[in-house]
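Chain by chain, the residues:
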Amino acid sequence: MTSVDIFSKLDHDVLIKIISDLDLKDLGRLACVSKKLCPILLDFCYKIKCTQKNPALVSDLLSDAVSSSPQGGWAGLFKILFCCPGLAQAGVHVEASPKKAVNDDVDDFSGDEYFRVLFFRMGPHLAWEGSRLNYEYGNYLLDDRFTRNCLYLSDWSRCEHLDEKHNYSIYRGIFINFKQTMIWRELNDDGEEHKVDMKCSFCPCKHTWDLYTSLCFKQTRAGEPVDRAFVCENGHVCGVWIDKHGQKIL
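Residues numbered from 1 in each chain as written. Predicted model: local features only at pLDDT ≥ 70, side-chain atom pairs only at ≥ 80, totals over all residues. Heavy atoms only, no water.

Enquirer: So, the overall build of the protein: which residues are in play, and what are the values?
Expert: Of regular secondary structure, the protein possesses eight helices and nine strands. Taken across its 250 residues, the protein has 45% of its residues classed as buried. Residue pairs in contact within the protein that sit at least 24 positions apart in sequence constitute 64% of those at least 6 positions apart. Just so you have it, the protein exposes about 13,300 Å², and 52% of that area is on carbon and sulfur atoms. (Helix = DSSP H or I, 4+ residues; strand = E, 2+ residues; numbered from the N terminus. Buried < 20%, exposed > 50% of the residue type's maximum accessible area, 1.4 Å probe, protein only. Contact = heavy atoms within 4.5 Å. Areas by Shrake-Rupley, 256 points an atom, 1.4 Å probe, with all protein chains shown as cover.)

Written as structure tokens, this is what we have:
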């Protein structure tokens, strides 16, 4: 019996409508298993989801853009808005503790109970869906020399990871018009000094720059959490506060 490709018989607009109504986990699975539907996700559905999630951010990203997509593509922005990359991609190298590990199945928790709980998890997972990226968080971390640059960041108190000695609060973000910022010029003026061999968490870039050692972020003072943060050439930022005392950051 010959198999029938049902999707090939559906109108393009109907496909977009169906896919747009899927939840985040199903969108990710679909992108991995269907070569036919992946372009639709990249060109339309990710854009729709990103615009619905954070219209102000999308508007700023496209205000001076030379194309109809943000630098790094809609897939990269989708990951920033909806996915936590995990501790390893935030520059933290720790050993997993079986005693504090939790089941990776998101369905074991519900709503804020899952996303607010302190848990120890290495790999990527869905971020807390109620949180939006905000440029005020970015201005809080940027060194005073760079406050005119616009950096949207997630609320890092929403994604906390715990081991026996530290609280790790991961945040994600993106610079507006990164290649035109003073930070990009500063990083390039320093040559390879702050460039690290670590892939971007959100796009195919194979290298990132350390925003902490390059002094682009405010320096940690005595008693404050330690900051790690990295940016790729598309302006995608991934970082973490490392708090030894379990204090709330904001």
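Enquirer: Can you tell me about the pattern of salt bridges, naming the residues and giving the values?
Expert: A side chain with one charge may pair with a side chain of the opposite charge, provided their charged atoms come close. Counted by the stated rule, this structure contains two salt bridges. The salt bridge partner of Arg145 is Asp143, with a shortest N-O separation of 3.0 Å. For the salt bridge of Glu186 with Arg145, the shortest nitrogen-to-oxygen distance reads 3.1 Å. Here the residue Glu186 occupies a position in helix 8 (residues 182–189), and Arg145 occupies one in the loop between helix 7 (135–141) and strand 3 (151–153), the gap between them amounting to 41 residues. Under the relative-accessibility criterion, Glu186 is labelled partly exposed at 24%. The class for Arg145 is partly exposed, based on a relative accessible area of 40%. Each member of the salt-bridge network shares a partner with another, and the members are Asp143, Arg145 and Glu186. (Salt bridge = Lys/Arg side-chain N within 4 Å of Asp/Glu carboxyl O.)

Enquirer: Go over the packing of aromatic side chains with me, naming the residues and quoting the values.
Expert: One pass over the structure, following the stated rule, counts six aromatic pairs. Residues Phe78 and Phe82 carry aromatic rings whose centres are separated by 4.9 Å and whose planes lie at 40° to one another, so their mutual orientation is tilted. In this pair, Phe78 and Phe82 are both assigned in helix 5 (residues 73–82), four residues apart and thus about one turn of the helix distant. The rings of Phe175, Phe178, Trp184 and Trp209 are connected pair by pair, giving a single aromatic cluster. For Lys218, the ring lying beneath its charged end belongs to Tyr140, and the centroid distance is 5.5 Å. (Phe/Tyr/Trp six-rings, centres within 6.5 Å; stacked < 30°, edge-to-face > 60°. Lys NZ or Arg CZ within 6 Å of the ring centre and 35° of its normal.)

Enquirer: Break down the confidence of the model for the protein for me, with residues and values.
Expert: On average, residues of the protein score 75 in pLDDT, and 70% of them reach the 70 mark or higher. The weakest mean pLDDT in the protein belongs to helix 6 (residues 111–116) at 38; the strongest belongs to strand 3 at 94. Within the model, pLDDT remains below 50 along residues 95–120, and this stretch shows 43 contacts once partners closer than five positions in the same chain are excluded. With pLDDT under 50 throughout, residues 246–250 is counted as low confidence; its partners more than four residues away or in other chains account for ten contacts. (pLDDT = per-residue confidence, 0-100.)

Enquirer: Give a description of helix 5 that names residues and reports values.
Expert: When you tally the buried positions in helix 5, you get seven out of ten residues, the bulk of the element. Of all the positions in helix 5, only Trp74, Gly76, Leu77, Phe78, Ile80, Leu81 and Phe82 are classed as buried.

Enquirer: With reference to specific residues and values, describe the nonpolar core.
Expert: Ile19, Leu57, Leu77 and Ile174 are the most contacted members of the largest nonpolar core, which has 41 residues in total. Every element with two or more residues in this core is listed here: helix 1 (12–20), helix 2 (24–33), helix 3 (38–53), helix 4 (55–63), helix 5, strand 5 (167–175) and strand 9 (236–243). The element contributing the most residues to this core is helix 5, with six residues. Apart from residues lying up to four places away in sequence, Ile19 is in contact with Leu27, Leu30, Leu37, Ile40, Leu41 and Cys45. Membership of the second largest hydrophobic core comes to 19 residues, among which are Leu153, Tyr171, Trp209 and Ala229. (Core = buried A, V, L, I, M, F, W, Y, C linked by side-chain atoms within 4.5 Å.)

Enquirer: Can you tell me about the pairing of strand 5, naming the residues and giving the values?
Expert: The element strand 5 is extensively covered by neighbouring structure, given that nine of its nine residues are classed as buried. Neither face of strand 5 is exposed, since Asn167, Ser169, Tyr171, Gly173 and Phe175 on one face and Tyr168, Ile170, Arg172 and Ile174 on the opposite face are all buried. Note: strand 4 (residues 160–162) against strand 5, three bridges, orientation antiparallel. Within the sheet, the bridge partner assigned to Glu160 lies in strand 5 and is Ser169. As paired elements, strand 5 and strand 9 share eight bridges and run antiparallel to each other. (Pairing = 2+ DSSP bridges.)

Enquirer: Residues and numbers for the side chain of Asn234, please.
Expert: Counting through the fold element by element, Asn234 comes out in the loop between strand 8 (226–231) and strand 9. At a separation of 3.4 Å, a polar atom in the side chain of Asn234 contacts the side chain of Gln71. Here Asn234 is in contact with Gln71, Gly72, Phe178, Cys203 and Cys205, once residues within four sequence places are set aside. (Polar contact = N/O pair within 3.5 Å; in protein donor to acceptor, adjacent residues only side chain to side chain.)

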